[in-house]
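Examining the three-dimensional arrangement
The chain contents come next:
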Amino acid sequence: MNATVATAVFGGFMVLTVALGLLAVRGGSGGGLAEWSVGGRSLGTVFIWVLMAGESYTSFSYLGAAGWGYNSGAPVLYVLAYMSCGYAIGYVVGPMLWAYARRHHLVGITDMVAHRYRAPWLGVAVALLATVCLLPYIQLQITGMGVVVSTISYGAISLNWGYFLAFAVTTGFVVISGLRGSAWVSVLKDILVIATLGFLAVYVPLHYFDGYGPFLHRIVAEKPQWLTFPGHASGGLGPVWFATTTIVNSLTVVIFPTTVAGYLGARNADVLRRNALYLPFYNVLLFVPMLLGMAALFVVPGLVGADSNLALFKLVVDSLPAWAVGLIGVAAALSSIVPMAVFMLVIGTMWGRSVLGALPRPGGGAAGEASGEGRLAAGGRQKLWAQLVVVVAGALALLLTYTAPDTLVRLSLISYEGMAQLVPMLLLGLVWRRLTLCAAVSGLVAGFALVCVLVFGGHDPVWGMNAGIVALAVNVAVALLVTWLGPRDRDERPDAEVLALDDAFPRDGASSRGGTVSPPASS
């Protein structure tokens, strides 16, 4: 009976999720790739807020954060630190990237680097690198949702069917409605996340410990090592690791392709500034799974390995009625679906625009592509390629989840630290004209290679520091050295065409020079 009730609640909300995502397409104007991938650059404060909050609340919030709290304790607070610092950096970077992309009709980071360095092949290379770094996140969200579905259904739904549901539901609305569909589903997700985590924050301490006072006193008395660095059995994750991880992740999150997709979907730059102010308040809820993971130490002791990620759900299934279990499971499942949707959409956009969509059409010519009808046709063709890649990327992650689950999990070790190596190429390149193509690529190769050596060689942390920041320092050093000693680029374009400085603080579409930013192309 419990399995039937919980599964019925879950199934009903999954149908609602698909319907909501598909209905979102009615809010768009049809259009091409820009409408599908960045919502026609028309999303307001609420939609941008809930969409970018998906970066904060993934399946990690319910599984990984609680598991880290259960296993290690204090080091898990790095998540709150880097995301809050990232929002502060995003207050400046978000509007800058938004204005640059809008002025030059760009839809992602691959477009930006290709335009900045006048090198279409660089967009292809960045698309390949970003795909390697993003694909593991799709697989991890599929895995996370499978675990959630199997747990809240009391085992009635197997892991394999849970994996398939994650793929099917996400692909069902993303292919059709794109970023706008993800934003609409995010509204439902955030309502459930706030409600369920707010309830659990009160219920669990009262139910198991008679309140927060007895709960915290018990942690201090029996588990004090969970409250200090380096935590318990955390492998040396001390204050230096915490500080360096916060720095490198806060820089990376602002140029992460999924974050940039949120930036570019905004109606204007002020939406992004308001969003950067509001999002840190939402992150306060992340304390809940972290604390409840530590509460599970006393309720369900002895969880080891991957089972520790179920610490929060063990409490939920143990103490709540089936309908409540199903509702909390829906919130956790949507926390997998929304970020997975954006990951898939971003991979599709990069390949549809910079790789497959850049291939010349048989019988077409440059003149035809440059005309208004040519741009419309090109935009439609790029959108079709992007939608196809979304399905392929999701299916590949699903297949590897079934057949080789450890392959992408191992690649995920370098995801954030690998993406960090794009920071100099993108951000430094958009504010400093002297950074040459040769220097940017040399720094990227050096930094990414060092990350791979350190991470896969078992040297992360290195000297107590996050390996990503060591590689990023080498990246910047190599880029500066090659810029000063290497060949100079001959780029005759004016600064306004190359750099984003003039648009760093546009207000409602107006540039700092008093002009207006040109509207995006119809594609």
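Rules of the game
- Residues numbered from 1 in each chain as written.
- Predicted model: local features only at pLDDT ≥ 70, side-chain atom pairs only at ≥ 80, totals over all residues.
- Heavy atoms only, no water.
- Axes fitted to C-alpha atoms, helices over the stretch in contact; angles between N-to-C directions.
- Helix = DSSP H or I, 4+ residues; strand = E, 2+ residues; numbered from the N terminus.
- Parallel < 35°, antiparallel > 145°, perpendicular 65-115°, else oblique.
- Left-handed = near helix turned anticlockwise from the far one by under 90°.
- Contact = heavy atoms within 4.5 Å.
- Phe/Tyr/Trp six-rings, centres within 6.5 Å; stacked < 30°, edge-to-face > 60°.
- Buried < 20%, exposed > 50% of the residue type's maximum accessible area, 1.4 Å probe, protein only.
- Lys NZ or Arg CZ within 6 Å of the ring centre and 35° of its normal.
- Nonpolar A, V, L, I, M, F, W, Y, C, P; charged D, E, K, R; others polar.
- 1 Å grid on protein atoms, 1.4 Å probe; cavity = no way out; pocket = protein on both sides within 12 Å on 5 of 7 lines; lining within 4 Å.
- Points joined across faces, edges and corners; volume = space filled by probe spheres on them.

The N-to-C vectors of helix 3 (residues 45-52) and helix 13 (residues 269-282) enclose an angle of 45 degrees; their axes lie 9 Å apart at closest approach. Judged on the interaxial angle alone, helix 13 and helix 3 are oblique. In the crossing of helix 3 with helix 13, the sense of the turn from one axis to the other is right-handed. Mapping the contact onto sequence places T45, I48, W49 and M52 in helix 3 and V271, L272, R274, N275, Y278, L279 and Y282 in helix 13.

What follows deals with the packing of aromatic side chains. Enumeration according to the criterion identifies 16 aromatic pairs in this entry. Here the aromatic rings of Y78 and Y82 are separated by 5.9 Å at their centres, their planes lie at 20 degrees, and the arrangement is stacked. On the criterion of helical spacing, the pair formed by Y78 and Y82 is a turn pair, its members being four residues apart in helix 6 (residues 78-104). Residue class for Y82 comes out buried when judged on its relative accessible area of 9%. Ring plane angle 85 degrees and centroid distance 5.9 Å describe the contact between Y137 and F256, whose orientation is recorded as edge-to-face. Within this pair, whereas Y137 is found in helix 8 (residues 120-152), its partner F256 is found in the loop between helix 11 (239-253) and helix 12 (257-264), the two being separated by 119 residues in sequence. Residue classification places Y137 among the buried positions, given a relative accessible area of 18%. Pairwise contacts between aromatic rings join W68, Y78, Y82, Y137, W241, F256, F343 and Y416 into one cluster. One residue, R116, lies across the ring of Y117, its end atom 4.5 Å from the ring centre.

Right, let's talk about the packing of helix 3 against helix 9 (residues 159-209) for a bit. The contact between helix 3 and helix 9 brings their axes to 8 Å, and the two run at 75 degrees. The orientation of helix 3 relative to helix 9 falls into the category roughly perpendicular. Contact residues: helix 3 offers F47, W49, V50 and L51, while helix 9 offers L179, S182, A183, W184, S186, V187 and D190. Taken together, the residues of the contact of helix 3 with helix 9 sort by class into eight nonpolar, two polar and one charged.

Tallied over the full model, the rule gives four cavities of 30 Å³ or more. Taken as a whole, the largest cavity spans an internal volume of roughly 130 Å³. What lines the largest cavity is a set of 15 residues, and nearest its centre among them are M52, Y87, T259, Y263 and L279. Those elements giving two or more residues to the lining of the largest cavity turn out to be helix 6, helix 12 and helix 13. Per-element tally for the lining of the largest cavity: the top contributor is helix 6, with five residues. By residue class, the composition of the lining of the largest cavity is 10 nonpolar, four polar and one charged.

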